[in-house]
Amino acid sequence: MPIGMPHMGNLYIPFKALFQRLDIDYVMPPVNNQRTLSLGVKYSPEGLCIPFKLTLGNLIEAVELGADTLLMPGGSGICRLGYYAKTQEQILHDLGYEGELIQVGVSERKLFGLLEIIKRLSNNAPWSKIISAFRFGVAKLNGLDRIERVVQRVRPVERIKGTANRLFTKAINAIDRAGDYGTLKKVQVDYINQLNQIDKDTQYKPLIVGITGEFYVLLEPFSNLDIESELGKLGVEVRRTTFISGWTKFSLFLNPLGMNEKARIHKAALPYLKRDIGGDGWESVGEKVLHAKEYDGIIHLAPFTCMPEIVAQNIMPTTKENIPVLTILCDEQMAKSGMLTRLEAFVDLLERRRRSQNNNRHQVTT
Ligand code: SF4
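Residues numbered from 1 in each chain as written. Predicted model: local features only at pLDDT ≥ 70, side-chain atom pairs only at ≥ 80, totals over all residues. Heavy atoms only, no water.

Enquirer: In this structure, what is going on with the overall build of the protein chain? I would like to understand it.
Expert: Per the secondary structure count, the protein chain includes 15 helices and seven strands. Taken against the 2.2 N^0.38 rule, which gives 21 Å for 366 residues, the C-alpha radius of gyration of the protein chain at 21 Å falls within 12% of a compact globule. Overall size of the protein chain, expressed as C-alpha extent along the three principal axes, is 75 × 45 × 45 Å. Out of the 366 residues belonging to the protein chain, those deemed buried represent 53%. Partitioning the intrachain contacts of the protein chain with sequence separation of at least 6 by distance along the chain shows that 73% fall at a separation of at least 24. Averaging the locations of the 46 positively and 40 negatively charged side chains of the protein chain gives two centres separated by 7 Å. (Helix = DSSP H or I, 4+ residues; strand = E, 2+ residues; numbered from the N terminus. Rg over C-alpha atoms; globule rule 2.2 N^0.38 Å. Buried < 20%, exposed > 50% of the residue type's maximum accessible area, 1.4 Å probe, protein only. Contact = heavy atoms within 4.5 Å. Lys, Arg positive; Asp, Glu negative; His and termini not counted. Charge placed at Lys NZ, Arg CZ, Asp CG, Glu CD.)

In structure tokens, the structure reads:
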């Protein structure tokens, strides 16, 4: 029963580890590339959002490689994510695929729903074995996110652009290969040390830009044309609060205890938006309000036609917390040159804004 599932950033690494430890036959489709997108675009209804198209492309490529059981995250939320799995299953059947597509209800059952499915796929392996394999996968996930946070801080200040990214790629591969906790720990320490030792411009004070928006386009660099690296090249430090390791920690341990990681963000958004509007729209508004004093600007990533983010985009200019926001709509038409021009103009604006704020402060004190 070869299993296939879509990509989202480096999420394939913890899943690979989990499946290997449970002897589940995992067929990994190629990481997102132009062909994946073309397949997704070709077989999706035109107006659907880019996460649907890319994940459909992944599923088709997994089937081509022999997967006969597909896992697809879904849910009963307000936006169209709830229809993803059913629609994709129908499209795959129309293309002649006869296997099973299992919807993983991440929005209702969170990770517990996934664990139940894993139990079934592992031929009813004992819970102790599943939990142990799962813990190792989570350890890899935590390691990846820990290193990525360091990479985000180093990119804008490194003297030779691209050094942190090259190390990050090596670290990702090393974490993927790590077969035990000891090696995993060593890889993290080694690469964080190497990142800290990169030659940096210690005098330079980078602009701080928060990245917010829809979960998938935040976490899948192919869908956002690797915007974080591009900002790093422009000397901007990116702050992103969304990491899968954080979501995992809350959905497994803290949400069942009544703790809601988003409560602070929702509270911040309340004066402008009183309820969940699906996807991550509520959080996008809250992040702008919450971080207006802390960041120089915000980049709001939204899949084209994404209803929750369209609502958020329209609310953002009306908040009294004043901070420049650049909304970037991600779809298959987005071209790197166009995005770079917009980023350069935005960074230019933020630099001038910072200079004028510094001048004003200087005049007040003299
Ligand atoms: S939040 Fe937006 S992009 Fe994500 S599934 Fe819903 S409509 Fe699509």
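Enquirer: Looking at this model, I keep getting lost on the sheet that holds strand E3 (residues 100-105). Mind explaining?
Expert: Whether parallel or antiparallel, the strands of a sheet pair through hydrogen bonds between backbone atoms. A sheet is described by the order of its strands in space; here three strands give the open sequence E1-E2-E3, paired in parallel fashion. Every other strand in the sheet has two partners, leaving strand E1 (3-4) and E3 as the edge strands with one partner each. Where strand E2 (residues 69-74) and E3 come together, six bridges link them in parallel fashion. Each bridged residue has a counterpart across the sheet, and for Met 72 the counterpart in E3 is Gln 103. Here helix H3 (residues 50-64) sits on the sheet in contact with E1, E2 and E3, set at roughly 165 degrees to E2. (Pairing = 2+ DSSP bridges. Axes fitted to C-alpha atoms, helices over the stretch in contact; angles between N-to-C directions.)

Enquirer: Is there a simple way to explain the sheet that holds strand E5 (residues 236-239) in this structure?
Expert: Overall, parallel pairing links the four strands, which are arranged E5-E4-E6-E7 in an open sheet. A single partner strand is all that each edge strand has here, and the edge strands are E5 and strand E7 (325-330). Ignoring strand direction, the axes of neighbouring strands in this sheet form an average angle of 30 degrees. Taken together, the six bridges between strand E6 (residues 297-303) and E7 define a ladder with parallel strand orientation. Following the sheet pairing, Ile 299 is matched in E7 by Leu 326. Packed onto the sheet, helix H14 (residues 307-315) meets strand E4 (207-213), E6 and E7 and runs at close to 150 degrees relative to E6.

Enquirer: Could you clarify how one ought to interpret the packing of helix H1 (residues 12-21) against helix H6 (residues 127-154) in this entry?
Expert: Running from N to C, H1 and H6 point in directions that differ by 155 degrees, and their axes come no closer than 8 Å. Comparing the axis directions of H1 and H6 gives the class roughly antiparallel. The two elements H1 and H6 meet at a crossing, and its hand is right-handed. The residues of H6 that touch H1, namely those facing Ile 13, Pro 14, Ala 17, Leu 18 and Arg 21, are Lys 129, Ile 130, Ala 133, Phe 134, Phe 136, Gly 137, Lys 140, Leu 141 and Leu 144. Here the contact of H1 with H6 is built from residues that sort into ten nonpolar, one polar and three charged. (Parallel < 35°, antiparallel > 145°, perpendicular 65-115°, else oblique. Left-handed = near helix turned anticlockwise from the far one by under 90°. Nonpolar A, V, L, I, M, F, W, Y, C, P; charged D, E, K, R; others polar.)

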